[in-house]
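# Observations on chain architecture
Each chain, letter by letter, is given below.
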Amino acid sequence: AETKRRFHNLLQVSNLCQHERFHHLIDISPATESQIELNHTKEYIQKVKEQSASVRGGYCDDETTFSQYAYDIAALAVGGLLHAVDAVMARDIANAYALVRPPGHHAVPDAGMGFCIFNSVAIAARHLLKSYPNQIRKIAIVDYDVHHGNGTQESFWNDDDVLFVSIHQDSNYPLDSGTIQEIGSGNGKGTTINIPLPPGSGTGSYDYAFQTVIIPALKRFNPDFILVSSGFDASYADPLSAMMLSSSDFRNFTKYLVNVAEDCCEGRIVFAHEGGYSEVYVPFCGIAVIEELIGIDKDHVIKDPFLQEVTRWGYQNLQQHQKIVVDQVATLHQLK
């Protein structure tokens, strides 16, 4: 929660939130139980609701304990993302970033895990498909959080109307999840794409993955809406990963994805805040995404005081062992 607060604080003290193209969505309502049930079982929802009513709080697993009223906060996080996607559909705004907590991409339909209670992005995808059947028939979800989005993957494992692409650190969390061979099944075979990059990957490997796999896969799928699980824990400063990304990299990811959205789905794209645990560096990564979303010229962006350091680290260029992984994914999914 501290990283989210600092991200929000930087938006305020930098006056970026006063920019003419910045719009703060207000009057957010918590998601209803029926909306949460779009992706989660009634039994699990009731369990969270009952435990969070207790002064002792409760737990989903060893990493995911929660306090009293956690259900209310988690439902509000889901509601914030639903409000954002509805605003984009109504053309009230061009795109959106949902700065909400707790994160969601590890939560599976019948359980929470990895700090996640409800899978906001999966719920938002189901909501879009259900609420806008004439406009939204296919959705793409891109997850660049450093940890594999196992919950989102499980939610759409058999579905052919949702493309899920996860680029993450190999064998970080969850263990044995997010391998190249996990591609979906049944009607959904081929609509799950995993890019498990080796520890120590930086600008070169991520950029190569976007150009070789992610962008071609999105264009081939031709979605009607793009959702992004936006985690900043692949940054060089994060304590829960071993990657080397900078705020400049997240700015580029945003540019690539916005361009695809403009080409494929009339610009409809919404980012949902996921992980990121460097209290110092998450705000600068997040600000870079916001600046790109609202079209701030590079000559007027907020200065990242750490950028010169991370960009000078060795092995930022694409390494051969990283290229091999990306090429294997591209070959498996017939993208090259």
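So, a few notes on the structure that sits alongside this text.

Scoring rules and cut-offs
- Residues numbered from 1 in each chain as written.
- Predicted model: local features only at pLDDT ≥ 70, side-chain atom pairs only at ≥ 80, totals over all residues.
- Heavy atoms only, no water.
- Helix = DSSP H or I, 4+ residues; strand = E, 2+ residues; numbered from the N terminus.
- Rg over C-alpha atoms; globule rule 2.2 N^0.38 Å.
- Buried < 20%, exposed > 50% of the residue type's maximum accessible area, 1.4 Å probe, protein only.
- Areas by Shrake-Rupley, 256 points an atom, 1.4 Å probe, with all protein chains shown as cover.
- Lys, Arg positive; Asp, Glu negative; His and termini not counted.
- Charge placed at Lys NZ, Arg CZ, Asp CG, Glu CD.
- Disulfide = S-S within 2.5 Å.
- Salt bridge = Lys/Arg side-chain N within 4 Å of Asp/Glu carboxyl O.
- Core = buried A, V, L, I, M, F, W, Y, C linked by side-chain atoms within 4.5 Å.
- Contact = heavy atoms within 4.5 Å.
- Pairing = 2+ DSSP bridges.
- Axes fitted to C-alpha atoms, helices over the stretch in contact; angles between N-to-C directions.
- Phe/Tyr/Trp six-rings, centres within 6.5 Å; stacked < 30°, edge-to-face > 60°.
- Expected span 1.5 Å × (residues − 1).
- Bend = angle between axes of the 7 residues up to and from the residue.

Here we come to the overall build of the chain. Each helix and strand in the chain was counted, giving 11 helices and eight strands. Taking 336 residues into account, the globule formula puts the C-alpha radius of gyration at 20 Å, and the chain, at 19 Å, falls close to it. Its C-alpha atoms give the chain principal-axis dimensions of about 50 × 50 × 40 Å. The buried share of the chain, taken over its 336 residues, is 59%. As displayed, the chain offers around 14200 Å² of accessible surface, 49% of which is attributable to carbon and sulfur atoms. Looking at charge distribution, the chain has the averaged site of its 25 positive side-chain charges lying 3 Å from that of its 40 negative ones.

With the rule as written, the count across this model stands at zero disulfides. The thiol of Cys265 is not disulfide-bonded; the next cysteine sulfur, from Cys264, is found 6.1 Å away. Residue classification places Cys265 among the buried positions, given a relative accessible area of 1%. With no disulfide of its own, Cys285 lies 19 Å from the sulfur of Cys116, the closest cysteine sulfur.

What follows is about the pattern of salt bridges. Within this structure, the stated rule accounts for 11 salt bridges. Between Asp327 and Lys323 there is a salt bridge, with its nearest N and O atoms 2.7 Å apart. Here the residue Asp327 and the residue Lys323 both occupy positions in helix 11 (residues 320-332), the gap between them amounting to four residues, near one helical turn. Through salt bridges with shared partners, a single ionic network connects Glu2, Arg5, Arg6 and Glu279.

Right, let's get into the nonpolar core. Membership of the largest hydrophobic core comes to 62 residues, with the highest contact counts inside it found for Tyr97, Tyr144, Ile195, Phe232, Leu257 and Phe271. Per-element accounting of this core gives the leading share, 10 residues, to helix 7 (residues 203-221). Leave out the neighbours within four places in its chain, and Phe271 touches Ala96, Tyr97, Ala98, Tyr144, Val228, Ser230, Thr254, Leu257, Val289 and Leu293.

Let us look at the sheet that holds strand 6 (residues 192-197). Reading across from one edge, 3-8-7-4-5-6 is the order of the six strands in this open sheet, with parallel pairing throughout. A strand with exactly one partner marks an edge of an open sheet, and here the two such strands are strand 3 (96-98) and strand 6. Ignoring strand direction, the axes of neighbouring strands in this sheet form an average angle of 15 degrees. Inspection of the sheet shows strand 4 (residues 139-143) paired to strand 5 (residues 162-169) by five bridges, in the parallel sense. Within strand 5, the residue paired with Ile141 across the bridge is Phe164. Relative to the sheet, helix 8 (residues 247-264) contacts strand 4, strand 7 (225-230) and strand 8 (269-273), its axis offset from that of strand 8 by approximately 145 degrees.

Per the stated rule, a full pass over the model turns up 18 aromatic pairs. Aromatic pair Tyr144 and Phe253: ring centres 5.5 Å apart, planes at 55 degrees, arrangement tilted. Remark: Phe253 occurs in helix 8 and Tyr144 occurs in the loop between strand 4 and helix 6 (150-155); sequence separation between them is 109 residues. Taking 4.6 Å as the distance between ring centres and 15 degrees as the angle between the ring planes, the aromatic pair formed by Phe210 and Phe253 counts as stacked. Taken together, the positions of Phe210 in helix 7 and Phe253 in helix 8 put the pair 43 residues apart, joining distant regions of the chain. Here Phe210 falls in the buried class, since its relative accessible area comes to 0%. Using a relative accessible area of 2% as the deciding quantity, one classes Phe253 as buried.

In a regular helix each residue adds 1.5 Å, so 12 residues correspond to 16 Å; helix 9 (residues 282-293) covers 17 Å between its end C-alpha atoms and thus fits that length. In terms of burial, helix 9 is largely enclosed, as 11 of its 12 residues are buried. Taken as a whole, helix 9 has its buried residues at Val282, Pro283, Phe284, Cys285, Gly286, Ile287, Ala288, Val289, Ile290, Glu291 and Leu293. Buried residues along helix 9 sit in contact with helix 1 (2-13), strand 3, helix 8 and strand 8. Looking one or two places after helix 9, you find Gly295, whose phi comes out positive at around 80 degrees.

An ideal rise of 1.5 Å per residue puts 27 Å on 19 residues; helix 7 measures up with 25 Å between its terminal C-alpha atoms. Of all the bends found along helix 7, the most pronounced is centred on Phe210 and spans about 40 degrees. Just past helix 7, the residue Asn222 takes up positive phi, approximately 55 degrees.

Of the consecutive residues Arg101 and Pro102, the connecting peptide bond is found in the cis state with omega at 5 degrees. Along the polypeptide, Pro102 turns up in the loop between strand 3 and helix 5 (120-131). With omega at -15 degrees, the peptide bond leading from Tyr173 into Pro174 counts as cis. The residue Pro174 is located in the loop between strand 5 and strand 6 in this model. A positive phi is found at Arg91, a non-glycine position, where the angle reads about 65 degrees. Mapped onto the fold, Arg91 is located in the loop between helix 4 (70-89) and strand 3. The exposure class assigned to Arg91 is partly exposed, which follows from its relative accessible area of 40%. Located in the positive-phi region is Tyr315, a residue other than glycine, with phi close to 65 degrees.

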